[in-house]
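Inside the fold
Chain by chain, the residues:
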Amino acid sequence: MKRTITFTLCLLLANVSVSAQESGQGQAYYHFSLAKMHDLAENYPAAVAEFEKALEINPSSVSLRIEFARTLWKMGEIRRAVEEAEKAVQLDPDATDAHFVLGQIYFSHRSQDSMRDNAIAKFQKVLELESDHAEALSYLGQLYFQSGQFDEAAQAFGRLRRITPNAVRVYFYEGQALSQSGKHAEAVSVLEEGLKIRDDIPEYLSLLGELYERTGQTDRAVELYSKLQDETGDPRIAHRIAEILIQTDKAEEAIPLLHEMVEKHPQEGDLRKTLGKALRSERRFEEAVEVLEPLAEEDRYDLEANYELALSLASLGEREKAIDRFNYLLEISEGEQIQSIFKANLAILYEESHQFDKSIDLLQQVVASNPDSLDNKLRLIYALQAGEKYKQALDLAEDLLQEHSTNPYVLIAYAQALSDLDKLDEGLDFLKERQESFEDRELYYLGRSQLLMRKKHFERAEEVMREGLEESPDSERLRYQLGAILERQERYDEAEHEFKILLEKDPEAANVLNYLGYMLADQGVRLREALQYLIKAVDLDPYNGAYLDSLGWVYFRLDDLEKAELYLQKANRMAGPDPVILEHLGDLYSKLGDRAKAREFYERSVSFAEEESDQKRVTRKLEDLKKLISRE
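Fair warning: this is a prediction, and the values are worked out from it, not measured in the lab.

1. Let's talk about the overall build of the chain
- When helices and strands are tallied, the chain shows 36 helices and 0 strands.
- At 39 Å, the chain has a C-alpha radius of gyration far larger than the 26 Å of a compact globule built from 632 residues.
- With the C-alpha coordinates of the chain rotated into their principal frame, the extents come out at 135 × 55 × 45 Å.
- Contacts in the chain between residues at least 24 apart in sequence constitute 47% of all its contacts with a sequence separation of at least 6.
- In the structure as shown, the chain presents an accessible area of about 31,800 Å², 45% of it carried by carbon and sulfur atoms.
- Here the chain contributes 79 positively and 121 negatively charged side chains, and the mean placements of these two sets differ by 2 Å.

2. Remarks on the packing of helix α34 (residues 579-592) against helix α35 (residues 595-608)
- For the pair α34 and α35, interaxial distance at closest approach is 8 Å and the crossing angle is 160 degrees. By the angle class used here, α34 and α35 are roughly antiparallel. For the pair α34 and α35, the crossing hand works out as left-handed. For the pair formed by α34 and α35, the contact residues are Pro-579, Leu-582, Glu-583, Leu-585, Gly-586, Asp-587, Tyr-589 and Ser-590 on the first element and Arg-595, Lys-597, Ala-598, Phe-601, Tyr-602, Arg-604, Ser-605 and Phe-608 on the second.

3. Describing the pattern of salt bridges
- Tallied over the entire structure, the rule returns 57 salt bridges.
- For Asp-151, the salt bridge identified is with Lys-183, shortest N-O distance 3.2 Å. Highlighted residues: Asp-151 in helix α9 (residues 150-163) and Lys-183 in the loop between α10 (168-180) and α11 (184-195), separated in sequence by 32 residues.
- A residue is classified by how much of its surface remains accessible, and Asp-151, at 34% relative accessible area, is partly exposed.
- One salt bridge connects Asp-234 with Arg-236, and the closest N-O pair in it is separated by 2.8 Å.
- Classification of Arg-236 by relative accessible area gives exposed; the value is 63%.
- Via salt bridges that share partners, Asp-270, Lys-273, Lys-277, Asp-302 and Glu-304 belong to a single interconnected network.

4. Observations concerning the side chain of Arg-116
- Position of Arg-116 among the secondary structure elements: in helix α7 (residues 113-129).
- Residue class for Arg-116 comes out buried when judged on its relative accessible area of 18%.
- Looking at Arg-116, its side chain comes within polar contact range of the side chain of Asp-113, at 3.2 Å.
- Discounting chain neighbours no more than four positions away, the residues touching Arg-116 are Arg-110, Leu-143 and Ser-147.

5. Notes on the environment of Met-519
- Tracing the backbone through its elements, the reader meets Met-519 in helix α30 (residues 510-523).
- By relative accessible area, Met-519 is classed as buried at 2%.
- When the C-alpha atoms of Met-519 and Asp-506 are compared, they prove to be 19 Å apart, with 13 residues separating the residues in sequence.
- Excluding residues that lie within four positions of it along the chain, Met-519 makes contacts with Glu-487, Tyr-492, Ala-495, Glu-496 and Phe-499.

6. Describing a negative patch on the surface
- A surface patch of like charges, here negative, comprises Asp-474, Glu-476, Asp-506 and Glu-508.
- On the secondary structure map, Asp-474 appears in the loop between α27 (458-471) and α28 (476-488).
- Exposure remark for Asp-474: the relative accessible area of 62% places this residue in the exposed category.

7. Some thoughts on the environment of Glu-86
- Position of Glu-86 among the secondary structure elements: in helix α5 (residues 78-91).
- In this structure the C-alpha to C-alpha distance between Glu-86 and Val-126, which are 40 residues apart in sequence, comes to 14 Å.
- In this structure Glu-86 touches Leu-102, Tyr-106 and Lys-122, once residues within four positions along its chain are discounted.

8. Here's the deal with the confidence of the model for the chain
- Scored by pLDDT, the chain comes out at a mean of 93, with 96% of its residues at no less than 70.
- The model gives residues 1-22 a pLDDT under 50, and that stretch makes 15 contacts with residues more than four places away or in other chains.

9. Considerations on the nonpolar core
- Of all hydrophobic cores here, the largest spans 196 residues; its most connected members are Phe-123 and Leu-431.
- Among residues more than four places away in sequence, those in contact with Leu-431 are Leu-411, Ile-412, Ala-415, Phe-438, Tyr-444, Gly-447, Arg-448 and Leu-451.

10. Focus on unusual backbone geometry
- Not every positive phi belongs to a glycine, and Asp-422 is a case in point at roughly 60 degrees.
- Structurally, Asp-422 is set in the loop between α24 (408-420) and α25 (424-433).
- Although it is not a glycine, Asp-559 adopts a positive phi angle of roughly 65 degrees.
- By the secondary structure assignment, Asp-559 is in the loop between α32 (545-557) and α33 (561-575).
- Looking at Asp-559, the relative accessible area reads 47%, which means it is partly exposed.

About the criteria used
Starting from 1, residues in each chain are numbered consecutively following that chain's sequence as written. For a predicted model such as this one, the threshold for reporting local features is a pLDDT of at least 70, and the threshold for listing and counting side-chain atom pairs is 80 or more; totals across whole chains, interfaces and linings nevertheless cover every residue. Each side-chain value is derived from all of the structure's non-hydrogen atoms; neither hydrogens nor water enter the calculation. For the purposes of this entry, the term helix denotes a DSSP run of H or I that reaches at least four residues, the term strand denotes a run of E that reaches at least two, and both are numbered from the N terminus. Within these notes, the globule rule equals 2.2 Å times the number of residues to the 0.38 power, and the radius of gyration is based on C-alpha atoms. Any pair of residues with heavy atoms lying within 4.5 Å of one another is described as a contacting pair. Accessible surface is estimated by sampling points in the Shrake-Rupley manner with a 1.4 Å probe; for residues, cover comes only from the protein chains shown. Positive: Lys, Arg. Negative: Asp, Glu. His and the chain ends are not part of the count. Where a charge lies is defined by one atom per residue type, namely NZ (Lys), CZ (Arg), CG (Asp) and CD (Glu). As a rule, the C-alpha atoms of each element are fitted with a line to give its axis, helices using only the stretch in contact, and angles between N-to-C directions run from 0 to 180 degrees. Under this scheme an angle from 65 to 115 degrees is roughly perpendicular, one under 35 degrees roughly parallel, and one over 145 degrees roughly antiparallel; angles in between are oblique. In this scheme the crossing of two helices becomes right-handed for a clockwise turn of the near helix relative to the far one and left-handed for an anticlockwise turn of less than a right angle. Here, a salt bridge means any Lys or Arg side-chain nitrogen found within 4 Å of an Asp or Glu carboxyl oxygen. Think of it in three bands: with a 1.4 Å probe and only protein chains considered, a residue is buried below 20% of the maximum accessible area for its type, exposed above 50%, and partly exposed in between. In protein, a polar contact means a hydrogen-donor-capable atom and an acceptor-capable atom, both N or O and within 3.5 Å, with residues adjacent in sequence counting only if both atoms are side-chain atoms; elsewhere, any N or O pair within 3.5 Å suffices. Patch membership is restricted to residues that have no salt bridge and whose relative accessible area is over 30%. Joining uses 9 Å for like charges and 5 Å for the nonpolar side chains Val, Leu, Ile, Met, Phe, Trp and Tyr. The pLDDT score gives, residue by residue, the confidence of the prediction method on a 0 to 100 scale. Among buried residues, the Ala, Val, Leu, Ile, Met, Phe, Trp, Tyr and Cys ones that are joined through side-chain atoms within 4.5 Å form a nonpolar core.

What follows is the structure, encoded as structure tokens:
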């Protein structure tokens, strides 16, 4: 086809040229026309030959040299192309097209710094000569963007947008440049304006969605991504929507979307992983484990899947499995930062399992790796206290006090460390002296009362709480603590009064429902009322070991031993080795006539009991049980 066109054009041009032979200009135009014809047919050597003939006739033609430069550039003769364009500039320094062609040539080799700089200079010159030169602005914006000059790029694209207000791509480029400059709000404004022209370009919508995220407009980001996902069906967009919902505490909304996407794209591991994360976030731990376990088996080196699985197992009370999983994560991971996260979680599990030495050892490693982390040092202090290493806890608290002399949590940790070494009054006096450091006044009163409660000074603890409530009469935290102190003094009616005040303000306060329900159940009074409180508490927080124990205990009191066993066993799994729960299980199996199990749980309760009175009470039950066994 090209040959036919070329032959036809040759005949036409030949006929035209015969009548123009007497004119030199006509001959130059004849050769120029042939050159353009050959250029169009991509027969560049022939085009060059014709350009050279035309220039022999008319060497001072600026436009001829510009067109010749373009052809040379197309065929890869860069040096000659530049020479011809430069000659055009020499002939006419204000020839916009000559500077523009040079800019294009340099732009095509912009990976070289010198060529990029030359291109910028040439396009700037074009704009000096013709301020509304749209193509020059487009090239210049790209060059600035690629060289990291984002403010300059945004300015160039902004000028181009005003010249070509219907070119939606220009809005996109300007938005990109503004975003890279950190001017996210301005970028959003530009992109929203462009959206009025066209709203179906995936790349455009994706950029605007990202900017909505960066500017905290997460609802608008989700709305935009949802539109994009509906149009494209891209699972990656659905994944992003889900991640935003999880980050903004709307994991419940993310779960149906993720289920749908996983069903359509079961091979997408990231979708399944995010589904597991969303389920864990919503405390649907069993479902999370069902999703995450296969993922962790498919790719045993997937740190995130294994980590989410370990957290879910821990939340289910599957401590041994969670411990194994975290130890495995330590084997397959590298880098102090990520390993410190795993070690900190593992330390908590060891502490909950009463393996205090292992917990302390891990936290010491974490502190050594992150010496500036206050949180990790506070965790270590409390682990040392739990492991009865009171002198070490005080030494560390003293060191922290030197660095953080006004941090209220450090002050409380130091006071507790003093109290553990039988220096309760010294700890109380210390907090009183430093009370100006407590912007959170409730925390000050809670810290002091907690020291007193740990040493069973309930009357003094009550005085502190009443003093705090005079200062902050609407404080729910202080009123709850007062109720607990009154209950410990067996002033049940007064304690109930305080709890009822709290429930009037918040009928779904799970901790209050649990405390009031357990208090009634433990007294063996108004058991049906207690049951309603405790069912509601467990509904609100179904994996809380203390709440499950309370519900199991009220069922025990109601003589519904099947349900009592169900909830007490679950509580034992969730809460770890708790002496009260173990005692309750001992009572349950004793009543069921299973002496062996009752003896096992009583013995474990005694071994974990911290208070002498609790040890004596359970020991008496154990001795009575042994007598029964010996008679049988």
